[in-house]
Amino acid sequence: QVQLVESGGGLVQAGGSLRLSCAASGFIFRTNAMAWYRQAPGKQREEVAFITNDVKTRYADSVKGRFTISRDNAKNTVYLQMNSLKPEDTAVYYCNVQWNWGLNDYWGQGTQVTVSS
């Protein structure tokens, strides 16, 4: 059974940094793509960053140059380093697994990121 546990969120001033972690279990982590998503109140969930099993990445235009996704297969963990944070980055951040056939339908609790101005 897929389990996803996000952590590392908090309150930070604009221009600051946070590193989010996602501990994954219940599947062979190293062979699967992972992604970070976020959802702000009243907004649709959006993909923020994506990383394949062979460490190819893509980012939403809004975070390019500021966020970095990485993975540690030995720890079954995916990270999101967030720098130069802006108030519009405020959201609940979730990780999830991208199977070959589509996105996993189980979502964890997420971690709240709040950026003050």
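Criteria and cut-off values
Residues numbered from 1 in each chain as written. Predicted model: local features only at pLDDT ≥ 70, side-chain atom pairs only at ≥ 80, totals over all residues. Heavy atoms only, no water. Phe/Tyr/Trp six-rings, centres within 6.5 Å; stacked < 30°, edge-to-face > 60°. Buried < 20%, exposed > 50% of the residue type's maximum accessible area, 1.4 Å probe, protein only. Lys NZ or Arg CZ within 6 Å of the ring centre and 35° of its normal. Disulfide = S-S within 2.5 Å. Helix = DSSP H or I, 4+ residues; strand = E, 2+ residues; numbered from the N terminus. Core = buried A, V, L, I, M, F, W, Y, C linked by side-chain atoms within 4.5 Å.

> Help me understand the packing of aromatic side chains in this model?
Per the counting criterion, the structure on display carries five aromatic pairs. Judged by centre distance (6.3 Å) and plane angle (40°), the rings of F27 and F29 are tilted. An angle of 10° between the planes, with centres 5.7 Å apart, marks the rings of W99 and W101 as stacked. According to the relative accessible area criterion, W99 is buried, its value standing at 14%. Through a chain of ring-to-ring contacts, three or more aromatic side chains come together here, namely F27, F29, W99 and W101. Its end group placed over the ring of W107, R45 keeps NZ or CZ at 3.9 Å from the ring centre.

> When you look at the state of the cysteines in this model, what are you seeing that I'm missing?
A covalent bond between the sulfur atoms of two cysteines is what we call a disulfide. In this structure the tally under the stated criterion is one disulfide. Bridging C22 to C95, the disulfide has an S-S length of 1.8 Å. Across the S-S bond of C22 and C95 the torsion is about 55°, and the bridge reads as right-handed. Highlighted residues: C22 in strand β3 (residues 18-25) and C95 in strand β9 (residues 91-99), separated in sequence by 73 residues. Per residue, the accessibility class of C22 equals that of C95, and both read buried.

> Could you clarify how one ought to interpret the nonpolar core in this entry?
Ranked by internal contacts, the top residues of the largest apolar core, which has 29 residues, are M34, W36, V78, L80, M82 and Y93. Broken down by element, the residue count for this core peaks at five residues, all from β9.

> Just to check I follow, could you spell out unusual backbone geometry for this structure?
Trans is the common state for peptide bonds, and a negative phi is the common state for residues other than glycine. The phi angle at V55 is positive, at roughly 70°, despite the residue not being glycine. Residue N76 is not a glycine yet carries a positive backbone phi of 50°. Mapped onto the fold, N76 is located in the loop between β7 (67-72) and β8 (77-82). Note on N76: relative accessible area 26%, which makes it partly exposed.

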